[in-house]
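Close look at the chain arrangement
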Amino acid sequence: MKLTFEKSDLVRCVGIVQKAVSVRTTMKILECILIDASAGNINFTANDLDLGIQTLVPGEIIEKGRVAIDAKLFSGLVRKLPEEKISFETSDDNSNMCIIKCDKKTYKIPGMPAEEFTYFPEIEKTNSIKLSQMSLKEIINQTIFSLAINDINPIMTGELFETNENSLRVIALDSHRIALRKIEIDISENKVYTIIPGKSLKEIAGILALDADKEVNIYFTDKHVLFEFDETKVVSRVIEGTYLNVNKMFSTDSETKVVIDRKALIDAIDTEMVFIKESDKRPIIFDFKDDYVRLFVKSTLGQGEEEVEIEKEGADLKIGFNPKFLLDVLKVIEDEKVTLSFVNAKSPCFIRDEKDTYLYLVLPVNFTEE
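Residues numbered from 1 in each chain as written. Predicted model: local features only at pLDDT ≥ 70, side-chain atom pairs only at ≥ 80, totals over all residues. Heavy atoms only, no water.

1. Some details on the overall build of the chain
- The helix and strand tally for the chain stands at six helices and 25 strands.
- Seen through its C-alpha atoms, the chain measures out along the principal axes to roughly 80 × 50 × 40 Å.
- Looking at the chain as a whole, 51% of its 370 residues qualify as buried.
- A fraction of 67% describes how many contacts in the chain between residues 6 or more apart in sequence connect residues 24 or more apart.
- Surface summary for the chain: the accessible area is close to 18800 Å², and the carbon and sulfur share equals 46%. (Helix = DSSP H or I, 4+ residues; strand = E, 2+ residues; numbered from the N terminus. Buried < 20%, exposed > 50% of the residue type's maximum accessible area, 1.4 Å probe, protein only. Contact = heavy atoms within 4.5 Å. Areas by Shrake-Rupley, 256 points an atom, 1.4 Å probe, with all protein chains shown as cover.)

Listed below in structure tokens is the structure:
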């Protein structure tokens, strides 16, 4: 096999598929990228058995062939090469030795037989949805922070993708909060109810373009989900099971409703957090009055107090929150003002917009009066 690439194309495409390379495995082949130029195009593929990524690579095929190469070595090398044409070839002695040449530099990396590589499964393209890359990227980024990182219940490490009539709902949750995003789309006749691992969604969001004109097709089966966009395919296993029914957790009743400037609230929380050690997990107390909210925190580091103007309907309220959980929500909302709703000091905070495109739930934290 002999190929040539532009460095920028090579670096970009290695970076895409490397997201699916296994980092903790006893199977050496899962640490590799498959370079396949056997059928007229150059494809790079990586597969850690839970997530697989394949992308089409611009380049010239001088001699066809296939080989698997250590992803970490290959990526580290090509990023350091000069901005010149890069030649990639395998030796003629069937040893799978990969030879990379650029300018007057020559490097050799042992390869592995392509036959040992595990391809991801073929996906039946019957049940699907389509939306813009920008929409999918935003939906993932605006929900994924609410997932449990490690949990005895694997369902809480994935996001629910659920269609209903002409809309897609994406839900993420852990034991302290829920994030829900809704978008209107054209859907197939089949219903979608699929739990996609957060790890897979995070890697997909890192590849997607922030472009409303570029589309992504998503195909669903009982075992896998396939994302197709640009010249890239991403296949992920899904998490089997039934997601928590969050509908019964969202209350439309409220005793206190507050409208507040989002940036002002972010700045106030950020400042108060100076007095909270990461290991301390001390809450910030929010004391909602008629036209302002008083934020207060006291710790061994000192104490802070700040007031922010609000528009309030209903009863006064004093409630405590883990400030990080509120910041995670506020930083992904784009609205200038946000609406916070409360039933009482022991119930969750609901953050929602009038168009019903997002809804966040954050549980309060118990605190003692200082």
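On we go.
2. Concerning the packing of helix α1 (residues 7–17) against helix α2 (residues 71–80)
- Viewed as axis vectors pointing N to C, α1 and α2 meet at an angle of 150 degrees, and their least axial separation amounts to 10 Å. Taken together, the axes of α1 and α2 lie roughly antiparallel to each other. Read as a crossing pair, α1 and α2 show a hand that is left-handed. Contacts from K7, L10, V11, V14 and G15 of α1 reach α2 at F74, S75, V78, R79 and K80.
- When its residues are assigned to classes, the contact of α1 with α2 shows five nonpolar, two polar and three charged. (Axes fitted to C-alpha atoms, helices over the stretch in contact; angles between N-to-C directions. Parallel < 35°, antiparallel > 145°, perpendicular 65-115°, else oblique. Left-handed = near helix turned anticlockwise from the far one by under 90°. Nonpolar A, V, L, I, M, F, W, Y, C, P; charged D, E, K, R; others polar.)

3. Observations regarding the packing of aromatic side chains
- Across all of its chains, the model carries 11 aromatic pairs by this definition.
- Taking the centre distance of 5.9 Å and the plane angle of 80 degrees together, the rings of F117 and Y119 count as edge-to-face.
- For F117, a relative accessible area of 7% translates into the label buried.
- For Y119, a relative accessible area of 38% puts it in the partly exposed group. (Phe/Tyr/Trp six-rings, centres within 6.5 Å; stacked < 30°, edge-to-face > 60°.)

4. Remarks on the pattern of salt bridges
- Applying the stated criterion across every chain yields a total of 22 salt bridges.
- A salt bridge links E228 to K125, with the nearest nitrogen and oxygen atoms 2.7 Å apart. One end of the pair, E228, is in strand β16 (residues 224–229); the other, K125, is in the loop between β9 (105–112) and β10 (128–132), and 103 residues separate them in sequence.
- Residue E228 is classed as buried on the basis of its relative accessible area, which comes to 16%.
- In this structure, the salt-bridge partner of E240 is K223, at a minimum N-O distance of 3.0 Å. Highlighted residues: E240 in the loop between β17 (232–237) and β18 (256–261) and K223 in the loop between β15 (215–220) and β16, separated in sequence by 17 residues.
- Each member of the salt-bridge network shares a partner with another, and the members are D174, R177, K324 and D328. (Salt bridge = Lys/Arg side-chain N within 4 Å of Asp/Glu carboxyl O.)

5. Observations concerning the sheet that holds strand β25 (residues 358–362)
- What the 12 strands build is an open sheet, ordered β14-β11-β12-β13-β25-β24-β23-β18-β21-β20-β19-β22; its pairing is antiparallel. Two strands in the sheet have a free side with no partner beyond their single neighbour: β14 (193–197) and β22 (317–321). On average, each strand axis in the sheet is inclined to that of its neighbour by 25 degrees, with strand direction left out of account.
- Here strand β11 (residues 158–164) runs beside β14; their pairing, made up of five bridges, is antiparallel. Within β14, the residue paired with F161 across the bridge is T194.
- Strands β18, β19 (284–288), β20 (292–299), β21 (302–314) and β23 (337–342) of the sheet are contacted by helix α5 (residues 262–272), whose axis makes an angle of about 155 degrees with β21. (Pairing = 2+ DSSP bridges.)

6. Side note on unusual backbone geometry
- In this structure, L49 takes a positive phi of about 80 degrees despite not being glycine.
- Within the secondary structure, L49 is located in the loop between β3 (43–47) and β4 (51–56).
- Of note in this structure, N94 is not a glycine but carries a positive phi near 60 degrees.
- Here N94 is to be found in the loop between β7 (85–90) and β8 (97–102).

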